[in-house]
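# A structural walkthrough
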Amino acid sequence: MGHPQWPFYVNYNAGSWKGRALHVDAESGEYTEPYVRDYVTEAVDEEDVMFETFTDLPSKAANGVGGGSAVTKEAPAPDAAGSVVRTEASDGFDADDKGAYAVDRWLAPVSGSDELARLQVEFSVALGDNERVRCQVNYNLDSTLRRIILREEQRTDGKGNLVTPTSTDVRDPLSLQTYVGSFEGDAVSRRSWAMGGGWVR
């Protein structure tokens, strides 16, 4: 029997997306190379394994990521521009019926860099039918927290055209400062399917 949450994950997350990634050094808390990277990604489900191919684009971002005049960064050479990340319905996978998910990956490529993560933990939240934000935490081969990647992505029609206007039209772009400060809210917890599922009281 397949993972019961896998169809929810595939129905929302498969297909073409266009996004921007912010790379943060976990030790210093500062932005790190390649700083800001624009990309497109194509996710395809093949027998309960999702293969997601990232292709980097020329990036247009402010100098030093924070203020300054806009500069254009050339796309890397074709043989260095892409990486493929696979997601499986393993014990470290969980998803809900809205498309949000959490997954652990072992020995996974870190897109936008030449690094390989011993452990890669990714959380994704659907902001609407055609927009999501993701946070990816990467541990290097000696199990040290190395790199955090923040992603904001919009669905495309496969030709690079955004499907619909999204909430990025009315909110500030994602940045490290977005997560700095004090927050208050409510939370619910749910056991993973591998642990029997159900809500945690």
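This write-up is about the structure you can find in this document.

### A word on the overall build of the protein
Helix and strand content of the protein: two helices and 13 strands. The proportion of buried residues among the 201 residues of the protein is 38%.

### Observations regarding a nonpolar patch on the surface
A cluster of nonpolar side chains, Trp106, Leu107, Leu116 and Leu141, forms an exposed patch at the surface whose accessible area comes to about 470 Å². Of note, Leu141 is situated in the loop between β10 (131-139) and β11 (145-155). The exposure class of Leu141 is exposed, given its relative accessible area of 53%.

### Observations concerning unusual backbone geometry
A cis geometry characterises the amide bond from Glu33 onward to Pro34, with omega recorded as 5°. Mapped onto the elements, Pro34 comes out in strand β2 (residues 31-45). Backbone geometry places Tyr35, a non-glycine residue, at a positive phi of 65°. Structurally, Tyr35 can be placed in strand β2.

### Describing a negative patch on the surface
Residues Asp45, Glu46, Glu47 and Asp48 make up a contiguous surface patch of negative charge. Locating Glu46 in the fold gives a position in the loop between β2 and β3 (49-56). Accessibility expressed as a relative area gives 46% for Glu46, which makes it partly exposed.

### Describing helix α1 (residues 6-13)
Taken residue by residue, α1 has Trp6, Tyr9, Val10, Tyr12 and Asn13 as its buried positions. Just downstream of α1, Gly15 is the residue with a positive phi angle, here 110°.

### Digging into the packing of aromatic side chains
Under the counting rule described, the total for this entry stands at six aromatic pairs. When the ring of Trp6 is compared with that of Phe93, the centres are 5.3 Å apart and the planes differ by 55°; the resulting orientation is tilted. On the criterion of sequence distance, the pair formed by Trp6 in helix α1 and Phe93 in strand β7 (residues 93-95) is long-range, its members being 87 residues apart. As far as the burial class goes, Trp6 and Phe93 line up, both buried. Feature note: the residues Trp6, Tyr9, Phe93 and Tyr101 constitute an aromatic cluster, connected by ring pairs. Positioned above the aromatic ring of Trp17 is the side chain of Arg132, whose terminal nitrogen or guanidinium carbon lies 3.9 Å from the ring centre. Positioned over the ring face of Tyr12 is Arg155, at 5.0 Å from the centre of the ring.

The rules we used
Residues numbered from 1 in each chain as written. Predicted model: local features only at pLDDT ≥ 70, side-chain atom pairs only at ≥ 80, totals over all residues. Heavy atoms only, no water. Helix = DSSP H or I, 4+ residues; strand = E, 2+ residues; numbered from the N terminus. Buried < 20%, exposed > 50% of the residue type's maximum accessible area, 1.4 Å probe, protein only. Patch = residues over 30% accessible without salt bridge, like charges linked within 9 Å, V, L, I, M, F, W, Y side chains within 5 Å. Areas by Shrake-Rupley, 256 points an atom, 1.4 Å probe, with all protein chains shown as cover. Salt bridge = Lys/Arg side-chain N within 4 Å of Asp/Glu carboxyl O. Lys, Arg positive; Asp, Glu negative; His and termini not counted. Charge placed at Lys NZ, Arg CZ, Asp CG, Glu CD. Phe/Tyr/Trp six-rings, centres within 6.5 Å; stacked < 30°, edge-to-face > 60°. Lys NZ or Arg CZ within 6 Å of the ring centre and 35° of its normal.

Such coordinate-based values are descriptive only and should not be taken to indicate function.
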